[in-house]
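Take a look at the letters that make up each chain.
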Amino acid sequence: MDLDNDSYSNERSRHDLALRMIRHEARTCTIRECTGLTDDRIRRLYKSYAHELSEAPVRRRRGKSPRQVTFFVRNTRAQFESSLLASAFAAFGLLYAIKNKMPTEPAGVLDYGRRFCDAYETHQQLLNTPTLSFEHAWFLLQLLNRSGDLRAVRCRHCDSYYLRDKFNLCRHTCPTCRLKRARVRRARPSSPCSSSRAVMRD
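Everything quoted here is computed from the prediction, not taken from an experiment. (Residues numbered from 1 in each chain as written. Predicted model: local features only at pLDDT ≥ 70, side-chain atom pairs only at ≥ 80, totals over all residues. Heavy atoms only, no water.)

### Quick word on the pairing of strand 1 (residues 150–154)
With five bridges joining them, strand 1 and strand 2 (residues 161–165) adopt antiparallel strand pairing. What sits directly across from Ala-152, in strand 2, is Leu-163. Here strand 1 folds back onto strand 2, and the loop between the two strands holds six residues, one of which, Asp-159, carries a positive phi near 70 degrees. (Pairing = 2+ DSSP bridges. Helix = DSSP H or I, 4+ residues; strand = E, 2+ residues; numbered from the N terminus.)

So this is what it looks like as structure tokens:
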């Protein structure tokens, strides 16, 4: 009887995680990797969620998954958001000191998927207008744990950590510092020099 209960509980957990990821418009391959469900089962869950459980339309993302590393550092705003998400990954225990040491057993993978959703949803709550999709967030996590193409470095001005492309060695200030400077420049009043010169001419 206990085996039956454990089997039901595990199946229910995989089902719930799949629906949670569907709400975030995750691709079938990503859901399969985290839950172990078959593609056919996931497609049925998509249909069930779209027709019965959700009032808003659910988009199924198709085509290739994100693969552009530069997407996360393409501008100051993107670099800031990606760095913030990486911090959420660290807070939820999703980053590994040794590359390719992600869980492989079903229970560990399922827990990993749940913690990833927790981190992504927390990240969305921290920003007024988040732009990173669920699939981009999943790709970012794979980059941080497997490839090394993005790395966390410490800002020499504010001591905070931020993500930087390993091929871009030019900038040494973090996106937070750059955003702060831009805000100060926007708030600074216009120079009175032009009006003073006009009065002198009169």
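### Topic: the side chain of Glu-81
Within the fold, Glu-81 resides in helix 4 (residues 76–91). Lacking a salt bridge, the buried Glu-81 has Arg-77 as its closest oppositely charged neighbour, with an N-O distance of 4.1 Å. At a separation of 3.0 Å, a polar atom in the side chain of Glu-81 contacts the main-chain amide nitrogen of Leu-132. Among all residues touching Glu-81, those that are not within four sequence positions of it are His-123, Leu-127, Pro-130, Thr-131 and Leu-132. (Buried < 20%, exposed > 50% of the residue type's maximum accessible area, 1.4 Å probe, protein only. Lys, Arg positive; Asp, Glu negative; His and termini not counted. Salt bridge = Lys/Arg side-chain N within 4 Å of Asp/Glu carboxyl O. Polar contact = N/O pair within 3.5 Å; in protein donor to acceptor, adjacent residues only side chain to side chain. Contact = heavy atoms within 4.5 Å.)

### Things to note about the layout of surface pockets
A volume near 200 Å³ is recorded for the largest pocket. What lines the largest pocket is simply Ser-83, Ala-86, Ser-87, Ala-90, Leu-95, Leu-144, Ala-152, Tyr-161, Tyr-162 and Leu-163. Counting residues per element, the lining of the largest pocket draws most heavily on helix 4, at four residues. Looking at the lining of the largest pocket residue by residue, the classes come out as eight nonpolar, two polar and no charged. Arg-77, Phe-80, Thr-176, Leu-179, Lys-180 and Arg-183 are the residues that line the second largest pocket. Of all the secondary-structure elements, those providing two or more residues to the lining of the second largest pocket are helix 4 and helix 7 (175–187). The greatest single-element share of the lining of the second largest pocket, amounting to four residues, is contributed by helix 7. Counted by class, the lining of the second largest pocket contains two nonpolar, one polar and three charged residues. (1 Å grid on protein atoms, 1.4 Å probe; cavity = no way out; pocket = protein on both sides within 12 Å on 5 of 7 lines; lining within 4 Å. Points joined across faces, edges and corners; volume = space filled by probe spheres on them. Nonpolar A, V, L, I, M, F, W, Y, C, P; charged D, E, K, R; others polar.)

### Some details on the pattern of salt bridges
In this structure the tally under the stated criterion is nine salt bridges. A salt bridge links Glu-121 to Arg-20; the nearest nitrogen and oxygen atoms lie 2.9 Å apart. Remark: Arg-20 occurs in helix 1 (residues 2–23) and Glu-121 occurs in helix 5 (residues 106–126); sequence separation between them is 101 residues. When the shortest N-O distance is used, the salt bridge between Glu-33 and Arg-146 registers 4.0 Å. With Glu-33 in helix 2 (residues 28–35) and Arg-146 in helix 6 (residues 134–147), the pair connects residues that are 113 residues apart, well separated along the chain. The structure contains a network of salt bridges with shared partners spanning Glu-11, Arg-14 and Arg-41.

### Points about the packing of helix 4 against helix 5
In the contact formed by helix 4 and helix 5, the axes pass within 9 Å of each other and the chain directions differ by 135 degrees. As judged from the angle between their axes, helix 4 and helix 5 are oblique. Seen along the crossing, helix 4 lies across helix 5 with a hand that is right-handed. Counting all contacts with helix 4, which are made through Glu-81, Leu-84, Leu-85, Ala-88 and Phe-89, the residues of helix 5 involved are Phe-116, Ala-119, Tyr-120, His-123 and Leu-126. Residues belonging to the contact of helix 4 with helix 5 are distributed by class as follows: eight nonpolar, one polar and one charged. (Axes fitted to C-alpha atoms, helices over the stretch in contact; angles between N-to-C directions. Parallel < 35°, antiparallel > 145°, perpendicular 65-115°, else oblique. Left-handed = near helix turned anticlockwise from the far one by under 90°.)

### As for the environment of Tyr-96
Within the secondary structure, Tyr-96 is located in the loop between helix 4 and helix 5. Expressed as a C-alpha distance, the spacing of Tyr-96 and Leu-144, which sit 48 residues apart in the sequence, is 8.6 Å.

### So, empty space enclosed by the protein
Any empty space left between atoms is shown by rolling a water-sized probe over those atoms. Counted under the stated rule, the structure contains one cavity of 30 Å³ or more. Volume-wise, the largest cavity comes out at about 30 Å³. Along the walls of the largest cavity sit Phe-71, Phe-72, Arg-74, Ala-78, Glu-81, Ser-82, Thr-131 and Leu-132, which together make up its complete lining. When the residues that make up the lining of the largest cavity are grouped by side-chain class, the tally is four nonpolar, two polar and two charged.

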